[in-house]
Amino acid sequence: MMFSTVLAAIDLGAVPAHFVLEKALSYVATGGKLHVLHVVEPQFVQYSFDPTFTGSLTRDLENSAKEAAAKQLAEVCRDFAIPEDQQHVLLGRPADKIHHLCESLNADIIVIGSHAQDGWRRLLGSTANSVLHGAPTDVIVARLPEEED
């Protein structure tokens, strides 16, 4: 199947982004668009027990993380000729941001990578599992190749 708007959600730090993008591109119809998203999770640097505290240090860390992620995402996307306006870096809980951007783009499908997990890690959940629950459209979970030791 081919789709006009595909959203690929990638993790720049832990998984082979190129693998996910290759998989996602295989679902983009001629003339379609591939949007790529990386979500930076919020930093919690607190000097009190108040969970609503967000000081300037926290904001600075988050802004630095977003800037670094945007540069890294641009490098990955350059290999696939994905235009800058189709590259997205957002701050927040990954599943929520993926769902929200999917709705905003009116994407036809989400493609996300996942390592095979078993035991306690499966019970604790994963980003891919969280995306599946509550996704506004179909989700393709690409099983990532095993990492070599």
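All of the points below concern the structure found in this document. The shown structure was predicted, so the numbers you read here are calculated from the model rather than taken from an experiment. (Residues numbered from 1 in each chain as written. Predicted model: local features only at pLDDT ≥ 70, side-chain atom pairs only at ≥ 80, totals over all residues. Heavy atoms only, no water.)

**Focus on the overall build of the protein chain**
For the record, the criterion: In DSSP terms, a helix is any run of H or I states spanning at least four residues, a strand is any run of E spanning at least two, and both are numbered starting from the N terminus. Exposure is judged per residue with a 1.4 Å probe applied to protein chains only, and the accessible area is read against the type maximum: over 50% gives exposed, under 20% gives buried, and values in between give partly exposed. Contact between two residues is taken to exist if any of their heavy atoms lie within 4.5 Å; hydrogens are not considered. Per-residue accessibility takes into account occlusion by the displayed protein chains alone, with areas from the Shrake-Rupley method and a 1.4 Å probe.
Per the secondary structure count, the protein chain includes five helices and five strands. A total of 149 residues make up the protein chain; the buried ones form 37% of that total. In the protein chain, once contacts between residues fewer than 6 apart in sequence are set aside, the share between residues at least 24 apart is 76%. Looking at the protein chain as shown, the accessible area adds up to about 9,100 Å², and 51% of this sits on carbon and sulfur atoms.

**Digging into the sheet that holds strand S4 (residues 109-114)**
Spelled out, the test is: Strand pairing is assigned whenever DSSP identifies at least 2 bridges connecting the two strands. With axes taken as lines fitted to C-alpha atoms, and helix axes fitted only over the stretch in contact, angles between N-to-C directions fall between 0 and 180 degrees.
Taking strand neighbours across the sheet as the criterion, the five strands line up as S3-S2-S1-S4-S5 in an open arrangement whose pairing is parallel. At either margin of the open sheet sits one strand with a lone partner, and together these are strand S3 (87-91) and strand S5 (138-143). Strand-to-strand twist in this sheet, taken as the mean axis angle between neighbours without regard to direction, amounts to 25°. Relative to S5, S4 runs parallel, the two being bridged by six bridges. Note on S5: the bridge partner recorded for Ile 112 is Val 141.

**Describing the environment of Phe 80**
In this structure, Phe 80 sits in the loop between helix H2 (56-78) and S3. Spatially, the C-alpha atoms of Phe 80 and Glu 22 are 8.5 Å apart, while their sequence positions differ by 58 residues. Every residue in contact with Phe 80, bar those within four places of it in the chain, is listed here: His 18, Leu 21, Glu 22 and Leu 25.

**Side note on the packing of aromatic side chains**
Let me state the cut-off plainly: The aromatic pairing rule takes the rings of Phe, Tyr and Trp, using the six-membered ring of Trp, and pairs them if the centres are within 6.5 Å, calling planes under 30 degrees apart stacked, those over 60 edge-to-face and the rest tilted.
By the definition in use, this model includes one aromatic pair. For the ring pair Phe 3 and Tyr 27, a centre distance of 6.5 Å and an interplane angle of 45° mean the geometry is tilted. On the criterion of sequence distance, the pair formed by Phe 3 in strand S1 (residues 3-9) and Tyr 27 in the loop between helix H1 (17-25) and strand S2 (28-40) is long-range, its members being 24 residues apart.

**Observations concerning the nonpolar core**
What counts here: We define the nonpolar core as a collection of buried residues of types Ala, Val, Leu, Ile, Met, Phe, Trp, Tyr and Cys that are connected through side-chain atoms lying within 4.5 Å of one another.
By size, the foremost hydrophobic cluster in this structure holds 24 residues, and its most contacted members are Val 6, Ile 10, Leu 21, Leu 34, Val 36, Leu 73 and Ile 82. Setting aside residues no more than four positions away along its own chain, Val 6 makes contact with Ala 24, Tyr 27, Val 28, Lys 33, Leu 34, His 35, Ile 109 and Val 111.

**Re the side chain of His 38**
Note the cut-off: By the criterion applied in these results, polar contacts are pairs of N or O atoms within 3.5 Å in which, for protein atoms, one can donate a hydrogen and the other can accept it, and in which residues neighboring in sequence qualify only through two side-chain atoms.
With respect to the helices and strands, His 38 occurs in strand S2. Its relative accessible area of 10% is what places His 38 among the buried residues. A polar atom in the side chain of His 38 sits 3.1 Å from the backbone oxygen of Ile 10. When sequence neighbours within four positions are dropped, the list of residues in contact with His 38 reads Ile 10, Asp 11, Leu 12, Ala 69, His 88, Val 89 and Leu 90.

**Regarding the pairing of S2**
Summarising the sheet, S1 and S2 pair through six bridges and their orientation is parallel. Paired with Leu 7 across the two strands is His 35, which belongs to S2.

**Looking at the environment of Ala 8**
Structurally, Ala 8 can be placed in strand S1. Judged by relative accessible area, Ala 8 falls into the buried class, the value being 0%. Considered as a pair, Ala 8 and Ile 110 are 102 residues apart in the sequence and their alpha carbons are 5.8 Å apart. Once residues within four sequence positions are removed from consideration, Ala 8 is found in contact with Leu 21, Ala 24, Leu 34, His 35, Val 36, Leu 37 and Val 111.

**A short note on unusual backbone geometry**
Backbone geometry at Ala 81 places phi at a positive 55°, although glycine is not the residue there. Taking the relative accessible area as the measure of exposure, Ala 81 reaches 68% and is therefore exposed. Unlike most non-glycine residues, Asn 106 shows phi in positive territory, near 55°. Inspection of the secondary structure puts Asn 106 in the loop between helix H3 (94-105) and S4. Judged by relative accessible area, which is 61%, Asn 106 ranks as exposed.

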